[in-house]
Each structure stands twice: as structure tokens, then as C-alpha cells.
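Read off the chains here:
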Amino acid sequence: FEPIPSDFYGFENALSDQEKQTIVALREFLEAEVRPIMNDLWMNAEFFPRHIVTGLADLGLFGQPWEETRQFENSAVFRGWIALELARVDASVATLVGMQNGLVMGSIAVAGSPEQRAEWLPKFASGELLGAFGLTEPLSGSDTAQGLQTVAKRDGDNWIINGAKRWIGNGSISDVTIVWARDADDNQVKGFIVPTSTPGYSAKRIENKQALRIVQNADIVLTDVVVPESNRLQGSKSFRETAAVLRLTRAEVAWAAIGNSIGAYEAAVKYAGERIQFGKPIGSHQLIQELLAKSLGNITASIGLVTRVSAMLDEGTQRDEHSSLAKEYTTSRMRETVAWCRELFGGNGIVMDYGVVKYFADAEAIYSYEGTREMNTLIVGRAITGKAAFV
Ligand code: FAD
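Note that this is a predicted model, so its numbers are computed, not measured. For every chain, the first residue of its written sequence is number 1, and the numbers climb from 1 along that sequence. In keeping with the predicted nature of the model, local features appear solely for residues at pLDDT of at least 70, side-chain atom pairs appear and are counted solely at 80 or more, and the whole-chain, interface and lining totals rest on all residues.

Caption draft 1: Representation of the overall build of the protein chain. Put simply, DSSP marks the helices as runs of H or I at least four residues long and the strands as runs of E at least two long, and each gets a number from the N terminus on. Assigned secondary structure in the protein chain consists of 11 helices and nine strands. In terms of C-alpha radius of gyration, the protein chain reaches 21 Å, essentially the compact-globule figure of 21 Å for 391 residues. Along the first, second and third principal axes, the C-alpha set of the protein chain runs to 80 × 45 × 40 Å. Each residue is classed by its C-beta neighbour count within 10 Å, where at least 20 other C-beta atoms makes it buried, 12 or fewer makes it exposed, and intermediate counts make it partly exposed; the C-beta atoms are placed from backbone geometry. Looking at the protein chain as a whole, 48% of its 391 residues are labelled buried. A radius of gyration in this sense is built from C-alpha atoms; the matching globule rule multiplies 2.2 Å by the number of residues raised to 0.38.

Set out below in C-alpha cells:
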């Protein structure tokens, strides 16, 4: 018996042959290098060994959309499939790629000058540099557009940055962190390329996190950090550019949420065929079949939705509310799906050896980062009513 594919309606068939080959190479890499070690890394809250980072770079995953580094033609739909495939094995590795390729390189690509793009993007694309994206603060999460408190003060050819950041993925191990700070003179938010060796930059890992444990998140303190004007992202004039970066990455998080659901679903299908209760595999029982069918329904509907929202990005018609609806919808469906799949394992569903609990726990982080459900709902609500409810 061959189980039906998790991409039940065959959306992946729309990819080109070259794109499919890249997906196959990625799957092989993940099965060989990531799957065997991911549960131990997760349990020990240990970051990936460096060869995983360079392996992902060798596959071209850090250069994808950017002119200076792209290794093949690709579309937003293809990039979405990459995010899904990564998260299908491990949401931490998907988050790593999303941070490096999307948030960090995206900041430089969207708001950097041509010289900054040429100088920095190839170093991130090759994995020579590991980046972090520093926007959220201890006192400002959902409201960073209004509430950001880190300050950058112009001083001749330099800027002096003071403030604090929280939740910054890779912040304690990155070579460079993109720091978003408010210009003390015009009060606008601007982005700065900050090498983490700069005096006054200190980062402390957030301990005891119970989701995405392989990704290291940090509390960062910036005390009189001096950054040359040449490291200010030259195109960043206000929060508008920060929002443009987030717009690029939000739909990819929606894809990653589906991958995380598929990881749990595929583990559940396997277990349903193996676990015997009442004299037959639990997959023969009607209510177990219902859990699997509902999970596949969520996955299938979600893939259809994100395929269209990414196509809109390729067409140039995607707006904030489109990607927000996708992130809100797929992460909500993910939360249902991973819970059903965990339930199917009974007690074994909370033991790491059976794997499904990792997808269950990681879902909570994906649900909250890159805009919580509430924030994305309010962005859609604003588009429906013309009224912003969050200000
Ligand atoms: P808060 O903003 O304090 O919100 C708390 C609750 O209140 C949420 O449910 C929220 O939806 C709700 N809420 C707030 N305002 C309203 C309102 N007006 N109406 C209704 N409900 C409201 N940030 C980075 O800059 N870089 C990173 O690399 C990064 N990585 C992350 C990785 C992980 C694992 C996590 C968990 C977070 C990461 N973040 C990162 C931060 C993330 O973007 C924030 O956690 C998120 O934006 C929410 O902010 P908050 O946690 O401060 O929650």
C-alpha cells in the first residue's frame, strides 16, 4: 500500500523541472544531514553545526531572490516550496533560512545601497557570515512601528546606538545583526548593519525556551555602539522599509507552517499503520481516519491558499493584507493539525522518540513570530473596513 501524497492535489506539479530537482536535492540533504540529529539538538537546545549552514548555502538557499547572489531563476511560489520542505523536516532549519535569506539579506536588498548589496549579500549567501534581524524589543513587540525605543544618534560620520532587543534569532551567535533604531533627530526608524564584535554590543541567549529550541534567541543590549554612516542602510528612511522586509517574509512563514503540519501528519500516518489496538492498526479505526482526513484537509486548503498568495507576489499584486491572511490562516490550521496528529499518538505523542511532539511545540513559535494571529487579523480587518483597530 502506497500512502497518498501529502500534497494531495499535486500543487507541486506546477514547478519547473529545474525547481523540482532543487527540491529533491534539498530533501536528500535534509534526510541525510538534519533529520538524524535534529531531535538531539532540539532536546539539548543546541544550534546546528556549521556544516549545516554551509550545506544550505551550497544548495543556494541563502541567495535565492537577490540579484547579486541568485544562482537560478526562481519564483515566490518556488521559494514557498523551499520553506515548506525545510519545515516538513524541522521548523528550526526553516527559521534559520528564513532569517538569513529573508530577514537579514532582505533588509540589505530592500533598504541597502547598490554598494551595500554588493559588499554584504555574497558573504551571507556563501554562509561566510551568519546574520540576525534585530527589531523586537523587551517593551515593544506587536507595536514596533510606534513603540520602538532603541535610539541612533548621528555624530559626524558615525551613529551611536543605545537600546535593547529581545527574541533576536541567532543574536548571540551571529557575525552581523541588522539593528532597527529610531533616529534621535527625525524620530524615524532606520536600519543599521552592526558587526557583533563592535564594542558595546552584548547578547545573552534566552534560556529554557520550549519551542524551536535549535534556534538560539537572544536578549541584546546596545550601549554606545558606534556604527559608521556607511553601515546605515542607505534606503531606510522610516518604518516603511522595515515593513517592506516583513512583507517579503510573512508569506514564506505561512508556507513553513504547512511544512510543520506535514511533518506531524506524516509521522501520524506512519504511526497509524504500526500501532495495534483492539487487534488491528489504529489506522483502521474510524475516528483515527477522521483525524488524518481533517489534517490532510487543512494541509491541502493551506497549500492552495499560499500558492495563490505567492503567485500574487510574483505578479506584483500582493498587499500586506494578502500575506497577513495567509499567515493567520495557515498558522491557525497548523495549530489544529499538529494537535490532532499528536493526539493520534496517545501517550507516545509527548515523548520525543516519536518525533511528533517537536512539531507540536514548534508550532507555537511559528504561530507567534512575524506577526501574531491578532496582528495579522487586524491588518486584514483594516483592509475590510478601512479602519485601523490597532492604533
Ligand atoms: P506582545 O506584542 O506583547 O503581544 C502579546 C499578546 O497581545 C499577543 O497575543 C498579541 O497578539 C496581543 N496584542 C498586542 N496588541 C494587540 C492589539 N492591539 N489587539 C489585540 N491583541 C493584541 N523578533 C525579531 O526582531 N527578530 C527575530 O529574529 C525574532 N525571532 C523570534 C523567534 C521566536 C521563537 C519568537 C517567539 C519571537 C521572535 N521575534 C523576533 C519576536 C516576535 O516577532 C514577537 O514575539 C511578536 O511580534 C510578538 O511580540 P511580543 O512577543 O512582544 O508580544
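Anyway, onward from the coordinates.
Caption draft 2: Broad picture of the site of the ligand. Here, nearness is defined through the C-beta atom: a residue counts as near a molecule or strand if that backbone-placed atom lies within 6 Å of it. Around the ligand lies a shell of 20 residues, among which Leu135, Gly141, Ser142, Thr372 and Glu374 are the nearest. Elements supplying a minimum of two residues to the shell around the ligand: strand S1 (131-134), strand S3 (158-169), helix H10 (356-368) and helix H11 (373-385). The element best represented in the shell around the ligand is S3, accounting for three residues. Each residue gets one of three labels, nonpolar for Ala, Val, Leu, Ile, Met, Phe, Trp, Tyr, Cys and Pro, charged for Asp, Glu, Lys and Arg, and polar for the others, Gly among them. Classifying every residue of the shell around the ligand by side-chain character gives 10 nonpolar, eight polar and two charged.

Caption draft 3: Representation of the confidence of the model for the protein chain in the model. By definition, pLDDT measures how confident the predictor is in each residue, and it falls between 0 and 100. Within the protein chain, residue pLDDT values average 96, and 99% of them lie at 70 or more. Here the complex is predicted with pTM 0.97, and the ipTM for its interfaces comes to 0.98.

Caption draft 4: Region of the structure containing helix H5 (residues 114-125). Helix span is expected to be 1.5 Å times the residue number reduced by one. For H5, with 12 residues, the first-to-last C-alpha span of 16 Å sits near the 16 Å given by 1.5 Å per residue. Arg117, Trp120, Leu121, Phe124 and Ala125 are the residues of H5 that are buried. Seen along its axis, H5 keeps its buried residues to an arc of 130°; they face one direction. Opposite the buried face of H5, by more than 90 degrees, sit the exposed residues Glu115 and Ala118. In the segment just after H5, Gly127 is the residue with positive phi, at about 85°. In this context, the arc is that of the directions from the helix axis out to the C-beta atoms.

Caption draft 5: Inspection of H11 at higher detail. Spanning 13 residues, H11 covers 18 Å between terminal C-alpha atoms, matching the ideal 18 Å at 1.5 Å per step. What H11 keeps buried is the set Asn376, Leu378 and Ile379. Relative to the axis of H11, the buried residues are bounded by an arc of 160° and lie together on one face. Residues of H11 that are exposed and angled more than 90 degrees away from the buried face: Ile384 and Thr385.

Caption draft 6: Focus on the pairing of strand S7 (residues 217-228). Should DSSP find at least two bridges between two strands, the strands are regarded as paired. As defined by bridge partners, S3 adjoins S7 across nine bridges and the pair is classed as antiparallel. Looking at the pairing, Gly169 lines up with Asn217 of S7. Relative to S7, strand S6 (residues 201-205) runs antiparallel, the two sharing five bridges. Counterpart to Arg205 in the pairing with S7 is Ala218.

Caption draft 7: Structural context of the UniProt feature "domain: Acyl-CoA oxidase/dehydrogenase middle" (unreviewed entry) in the protein chain. UniProt positions are given in the numbering used here, feature names are shortened, and annotations may be inferred rather than shown by experiment. UniProt records the feature "domain: Acyl-CoA oxidase/dehydrogenase middle" (unreviewed entry) at residues 132-225, using the numbering of this structure. Between the first and last C-alpha atoms of residues 132-225 the distance is 16 Å; the span itself is 4% helix and 52% strand.

Caption draft 8: Representation of the pairing of strand S4 (residues 176-183) within the structure. In terms of residue burial, S4 counts as a mostly covered element, since seven of its eight residues are buried. The sheet contact formed by S1 and S4 spans four bridges and is parallel. By the bridge assignment, Phe133 is partnered in S4 with Ile178. When strand S2 (residues 151-155) meets S4, the two strands line up parallel, connected through two bridges. Counterpart to Val151 in the pairing with S4 is Arg182. When S4 meets strand S5 (residues 189-195), the two strands line up antiparallel, connected through seven bridges. Looking at S5, one finds that Val179 is bridged to Phe192. Counting the residues that bridge the hairpin from S4 to S5 gives five residues, and of these Asn187 lies at a positive phi of roughly 70°.

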